[in-house]
Amino acid sequence: MENHRLSLEKSEDMTFGCLVDKYDQLVASSFGSNSRILEKHLTEYSAKTVGKALTRSDHWLTQEMIRRFEGAKNPRDVKLNRDFVSTHKARVCTVLERIPIGKVTTYGLISNHIGSGPRAVGGAVGSNPWSIFVPCHRVVSGSLAIGNYSICGTLGENGSSTKRRLLLHEAVPIEEDKIDSEALWNPSEGD
């Protein structure tokens, strides 16, 4: 078994964290306003997946996460360690990675595309281990309401404002709390 490296960095009102393996692959990422909760979340994720203590070190992936959160238009390539996710979650995340910037899709459209139930898709989206890098914030309900967003592995009162912030950085058209239907992307229709 290998140790994961934990990199944490604060930017404005948020702390960003990445778990990285010995091959510089991203194992998990998360962010939130409470650095203590963030560190606990990523430490528990590491213990659950490899069962060993973390080492702390800075890593470029944390800076890349901040860049993406702030709306960087030229993201660097990131290799994801998919060893710790189920086949179903990996299939859902593959669809999420294809959602174009400036677009959203729905749980129902993803479930139709991969032949799964919407609740199972919702569970996979809600437990996406690669926040920001795999854009789960681009998934909304069929009503196109912005909805909530998981921060540090749990839904919270700041979730929907954070999700709104991310979508606005990506120029997704929003009116009040609904996404304009012009921004809807259907994974079954391709890119």
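Residues numbered from 1 in each chain as written. Predicted model: local features only at pLDDT ≥ 70, side-chain atom pairs only at ≥ 80, totals over all residues. Heavy atoms only, no water.

### Describing the packing of aromatic side chains
Where two aromatic rings form a pair, the distance of their centres and the angle of their planes describe that pair.
Then comes step 1: Under the counting rule described, the total for this entry stands at 4 aromatic pairs.
Then comes step 2: A ring pair is formed by F16 and F31, whose centres lie 5.7 Å apart and whose planes are at 20 degrees; its orientation type is stacked. Taken together, the residues span a long stretch of sequence, with F16 in strand β2 (residues 14-20) and F31 in strand β3 (residues 26-32) at a distance of 15 residues. Comparing F16 with F31, the two get one shared label, buried.
Then comes step 3: Members of the aromatic cluster, each reached through a chain of ring pairs, are F16, F31, F69 and Y149.
Then comes step 4: The aromatic ring of W60 is capped on one face by R76, whose charged end is 3.9 Å from the ring centroid. (Phe/Tyr/Trp six-rings, centres within 6.5 Å; stacked < 30°, edge-to-face > 60°. Helix = DSSP H or I, 4+ residues; strand = E, 2+ residues; numbered from the N terminus. Buried < 20%, exposed > 50% of the residue type's maximum accessible area, 1.4 Å probe, protein only. Lys NZ or Arg CZ within 6 Å of the ring centre and 35° of its normal.)

### Topic: the layout of surface pockets
Then comes step 1: Empty space within the largest pocket amounts to approximately 370 Å³.
Then comes step 2: If you go around the largest pocket, you meet 18 residues; those closest to its centre are R68, P75, I132, F133 and R138.
Then comes step 3: By residue class, the composition of the lining of the largest pocket is 10 nonpolar, 3 polar and 5 charged. (1 Å grid on protein atoms, 1.4 Å probe; cavity = no way out; pocket = protein on both sides within 12 Å on 5 of 7 lines; lining within 4 Å. Points joined across faces, edges and corners; volume = space filled by probe spheres on them. Nonpolar A, V, L, I, M, F, W, Y, C, P; charged D, E, K, R; others polar.)

### Section: the pairing of β3
Then comes step 1: Along β3, 7 of the 7 residues are buried, which leaves the element largely enclosed by surrounding structure.
Then comes step 2: With 6 bridges connecting them, β2 and β3 associate as antiparallel partners. From the neighbouring strand, C18 faces β3, where its bridge partner is S29.
Then comes step 3: Linking β2 back to β3 in an antiparallel pair, the connection comprises 5 residues, with D24 at a positive phi of about 65 degrees. (Pairing = 2+ DSSP bridges.)

### Focus: helix α4 (residues 107-114)
Then comes step 1: Every buried residue of α4 is listed here: L109, I110, S111 and I114.
Then comes step 2: Residues of α4 that are buried sit in contact with α3 (87-98), β5 (105-106), α5 (118-126) and β6 (139-140).
Then comes step 3: Note on α4: the residue one or two positions beyond its end, G115, has a positive phi of about 70 degrees. (Contact = heavy atoms within 4.5 Å.)

### Considerations on the packing of α3 against α5
Then comes step 1: In contact at an axis separation of 9 Å, α3 and α5 are set at 75 degrees when each is read in the N-to-C sense. With respect to each other, α3 and α5 are oriented roughly perpendicular. Where α3 approaches α5, its residues H88, K89, V92 and L96 are matched on the opposing element by A120, V121, A124 and V125.
Then comes step 2: Here the residues of the contact of α3 with α5 are counted per class, giving 6 nonpolar, 1 polar and 1 charged. (Axes fitted to C-alpha atoms, helices over the stretch in contact; angles between N-to-C directions. Parallel < 35°, antiparallel > 145°, perpendicular 65-115°, else oblique.)

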